[in-house]
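# Structure at a glance
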Amino acid sequence: MLPVIALAGRPNVGKSTLFNRLTGTRDALVADYPGLTRDRQYGFGRIGPVPYVLVDTGGVGEQDDDLSGLMAGQTWRALEEADAVILLVDARGGLTAADQRIVSELRRRGRQVYLAVNKAEGLDPDLALAEFQALGLGEGIAISSAHGDRVAYLMDSVLSPWAGAEAADADTPAAVEDGITVTVVGRPNVGKSTLVNRLVGEERVVAFDRPGTTRDSIRVPFERGGQRYTLIDTAGIRRRSRVDEVIEKFSIVKALQAIDAASVVIALFDASEGITEQDATLLGLVLERGRALVLGINKWDGLSAEQRERTRRQMDVRLPFIDFAPRHFISALHGTGVGDLLDDVRRAHRAATADLATPELTRVLAAAVAQHPPPMVRGRRIRLRYAHQGGRNPPVIVIHGNQTERVPKAYRRFLVNRFREAFRLHGAPIRLEFRSSDNPYAGRRNPLTPRQRHKRERLMKHLRRNR
């Protein structure tokens, strides 16, 4: 097992910056804004003598509302799992009462703590460390997570108990990442974090009845029924005109990146608010990226029969372009209907990554053309000869023939539906590419024989006499 190292400290001391530095990624959202990190973020450390799991946590020690209490709960859960804790303090902000409260709590829980005095660039290390000797955690190490100063030395010290042993399970990082990556998207406050917690079976991310609670994209690996998954909880995406905070803009960018990283997307709606224009826009974005899709209509348990019927009609009218996606009417809070979501996630992933044999594709194409031939264009028949697979996730089917650039949209939809039914590609968008054969005689003119030239001259003389 890899050692688990957790980062702790009060808000805005540089934990997420150090997390990105140690993992060599930009997974954690970083800004000069207190309380930006709210959920546990896991990654694999790349700086140090042995491999390890690194956990970024939210700031603790300054609780002033219910949301801060939930953030602190997430942090203490991470520290309970950790083999060692790196306590970050701010060299420029000095020692605070919040730092002392955190140290007292860590001592009470019996954690092995290493002191890192951050933001010490340009300062004398001895002077930066002197004030924090009162914490009783030893000398400590002055670092700069933003510039990387003495970060490697810090990790050598933290990982020294494991440095002598062989790094077991060297392939563990790759193994954890295997499986189906599922991104949960939707507008703010539709219940994405609640759904993630329900699927995982624990309070893995902060769920709070306030829009904008989730700011970062949080990856949550878990396993169910022998199948590995990685759930990605994302920030709510709303209309651009309503986004004015810089932090929210960064959060939305991270959510869009999570859509690109997904194998399957669960799009969540709030049934009590109906299907909005923003929902349709978000689904159009997912479809444009070619991701397999499962729809979750949340908060279904609190609706009357009339409201349910109205929501179904709205989906039929506003979302006809995603009729291939399975629908689930659920309650993430109470768990109603949630268990069936992962079954359709597996089916959608299987459809998106299916291998389609060329003979079978050509057979289905021929049957479709025989049943309903393409329309004639300028008196010429469009001929579709054969098909083969051109890509996966999403499935791309390449069709060869002549005049394929003139195939109408309605006929393209007909072909998509035939391929979907024949290969059971439910939950995944299908893209068709048409290719026309080159005409070998295009741009070439046959020379006239002497007899043809004589006949042409006689015809021209006849025309001139009749004028």
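Look a little higher up for the structure.
Read on for a plain summary of the structure. (Residues numbered from 1 in each chain as written. Predicted model: local features only at pLDDT ≥ 70, side-chain atom pairs only at ≥ 80, totals over all residues. Heavy atoms only, no water.)

It is worth spelling out the sheet that holds strand E15 (residues 383-391) at this point. The strand order across the open sheet built from three strands is E15-E16-E17, with neighbouring strands paired in mixed fashion. The sheet terminates laterally at E15 and strand E17 (431-436), the two strands that pair on one side only. Geometrically, the sheet is characterised by an average inter-axis angle of 25 degrees between neighbouring strands, direction not taken into account. For strand E16 (residues 396-402) and E17, the ladder comprises six bridges, and the chain directions are parallel. Each residue of the ladder has a partner; that of Val 398, found in E17, is Glu 433. Across the sheet, helix H13 (residues 358-371) lies against E15 and E16, angled at about 140 degrees from E15, the strand it touches most. (Pairing = 2+ DSSP bridges. Helix = DSSP H or I, 4+ residues; strand = E, 2+ residues; numbered from the N terminus. Axes fitted to C-alpha atoms, helices over the stretch in contact; angles between N-to-C directions. Contact = heavy atoms within 4.5 Å.)

Summarising the element assignment, Phe 434 is placed in strand E17. Among residues more than four places away in sequence, those in contact with Phe 434 are Leu 384, Ile 399, Thr 404, Val 407, Arg 412 and Leu 415.

It is worth spelling out unusual backbone geometry at this point. Cis peptide bonds are those with omega within 30 degrees of zero, and the linkage from Asn 393 to Pro 394 qualifies with 5 degrees. As for its position among the elements, Pro 394 is in the loop between E15 and E16. One non-glycine residue with positive phi stands out, namely Arg 150, at about 60 degrees. Inspection of the secondary structure puts Arg 150 in the loop between strand E6 (141-142) and helix H5 (151-158). Residue classification places Arg 150 among the partly exposed residues on the basis of a relative accessible area of 43%. (Buried < 20%, exposed > 50% of the residue type's maximum accessible area, 1.4 Å probe, protein only.)

Moving on to the nonpolar core. Within the largest apolar cluster, 49 residues are counted, with the highest numbers of intra-cluster contacts made by Leu 195, Ile 399 and Leu 415. The element contributing the most residues to this core is helix H12 (residues 341-352), with six residues. The contact partners of Ile 399, leaving out residues within four places of it in the chain, are Leu 365, Leu 384, Tyr 386, Ala 387, Leu 415, Phe 419, Leu 432, Glu 433, Phe 434 and Arg 435. In terms of nonpolar packing, the next biggest core, distinct from the first, is built from 29 residues, Leu 2, Ala 8, Ala 82 and Val 89 among them. (Core = buried A, V, L, I, M, F, W, Y, C linked by side-chain atoms within 4.5 Å.)

The next thing to look at is the packing of aromatic side chains. The tally for this structure, following the rule as stated, stands at three aromatic pairs. With 5.3 Å between their ring centres and 20 degrees between their planes, Phe 222 and Tyr 229 make a pair best called stacked. In this structure Phe 222 comes out as buried when scored by relative accessible area, which is 12%. Aromatic pair Tyr 411 and Phe 414: ring centres 5.4 Å apart, planes at 45 degrees, arrangement tilted. With Tyr 411 and Phe 414 both in helix H14 (residues 409-423), this residue pair falls three residues apart, about one helical turn. Directly above the aromatic system of Phe 329 lies the positively charged group of Arg 312, at a separation of 4.9 Å from the ring centroid. (Phe/Tyr/Trp six-rings, centres within 6.5 Å; stacked < 30°, edge-to-face > 60°. Lys NZ or Arg CZ within 6 Å of the ring centre and 35° of its normal.)

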